Amino acid sequence: MPASYRPVVSSAHPDFAAVDAALRVLDEGREPAREVLRDATRALLAMLVERAPGRSVEVRVPPYGAVQCVAGPRHTRGTPPNVIETDPLTWVRLATGKLAWSDAVRSGAVKASGIRADISGLLPLVPAAS
């Protein structure tokens with residue numbers, strides 16, 4: 001992945017090798033190994049936070065991670081008013097341009113609630129490998 005796409009991430013996720021690996025496997029029509037999917041999910045969530053800092057939207061990708069992002073009113077207690085939830089494979093596909101936001105929402109693969117929960121303008125985070 002080009003260096004221009006690498007955000008500063010925690011030491012547990014120093015680079016995007018897992019994203020590259022996940023994309024290669026997806027291009028072969030297979031599902032990435034659990035560890036690769038976990039690391040790719042976390043790296044792409046970190047990239048989302050870098051692209052859209054804030055705390056008005058919570059993006060949940062169980063069991064691998066949840067982040068708060070998007071500028072706006074800060075949420076501090078209980079269930080946030082703007083929540084996005086999806087599975088790791090869908091998240092990797094969305095974040096890399098292999099799946100359109102509208103298709104994921106329409107199919108039910110993404111559940112988004114709240115007036116700020118449409119993050120389609122932020123996606124893809126990286127272009128899909130050709």
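For the structure itself, look to the data block above.
Just so you know, these numbers come straight off a predicted model, no measurement behind them.

Conventions adopted
- All chains use their own residue numbering, which begins from 1 and follows the written sequence.
- Reporting of local features is limited, given that this is a predicted model, to residues whose pLDDT is at least 70; pairs of side-chain atoms are given and counted only at 80 or more, and all residues count toward the totals for whole chains, interfaces and linings.
- For the side-chain quantities, the full set of heavy atoms in the structure was used; hydrogens and water were omitted.
- Where helices and strands are cited, they refer to DSSP runs of H or I of at least four residues and of E of at least two residues respectively, numbered from the N terminus.
- Each residue is placed in one exposure class: buried if its accessible area under a 1.4 Å probe, protein chains only, is under 20% of its type's maximum, exposed if it is over 50%, and partly exposed if it falls in between.
- Any two strands between which DSSP finds at least two bridges are classified as paired.
- Lines are fitted to the C-alpha atoms to define the axes, a helix being fitted only along its stretch in contact, and any angle between axes, read from their N-to-C directions, falls within 0 to 180 degrees.

(A) Quick look at the overall build of the chain. From N to C terminus, the chain includes 4 helices and 4 strands. For the chain, the α and β elements follow one another from N to C terminus as α-α-β-β-β-α-α-β. By the burial criterion, 40% of the 130 residues in the chain qualify as buried.

(B) Representation of unusual backbone geometry within the structure. Look at the link from P62 to P63: it is a cis peptide, with omega at 5°. With an omega dihedral of 0°, the bond running from L123 to P124 counts as a cis peptide bond. With a phi angle near 70°, V70 is a residue other than glycine that sits in the positive phi range. Among the secondary structure elements, V70 is positioned in the loop between β2 (65-69) and β3 (83-86). Of the residues examined, V70 reaches a relative accessible area of 16% and is grouped as buried.

(C) Representation of the sheet that holds strand β4 (residues 110-113) in the model. Pairing within the open sheet is mixed, and its 4 strands lie in the order β2-β1-β3-β4. Two strands close off the open sheet at either side, each with one partner strand: β2 and β4. For this sheet, the mean angle separating the axes of adjacent strands, direction not counted, is 10°. Pairing between β3 and β4: 4 bridges, direction antiparallel.

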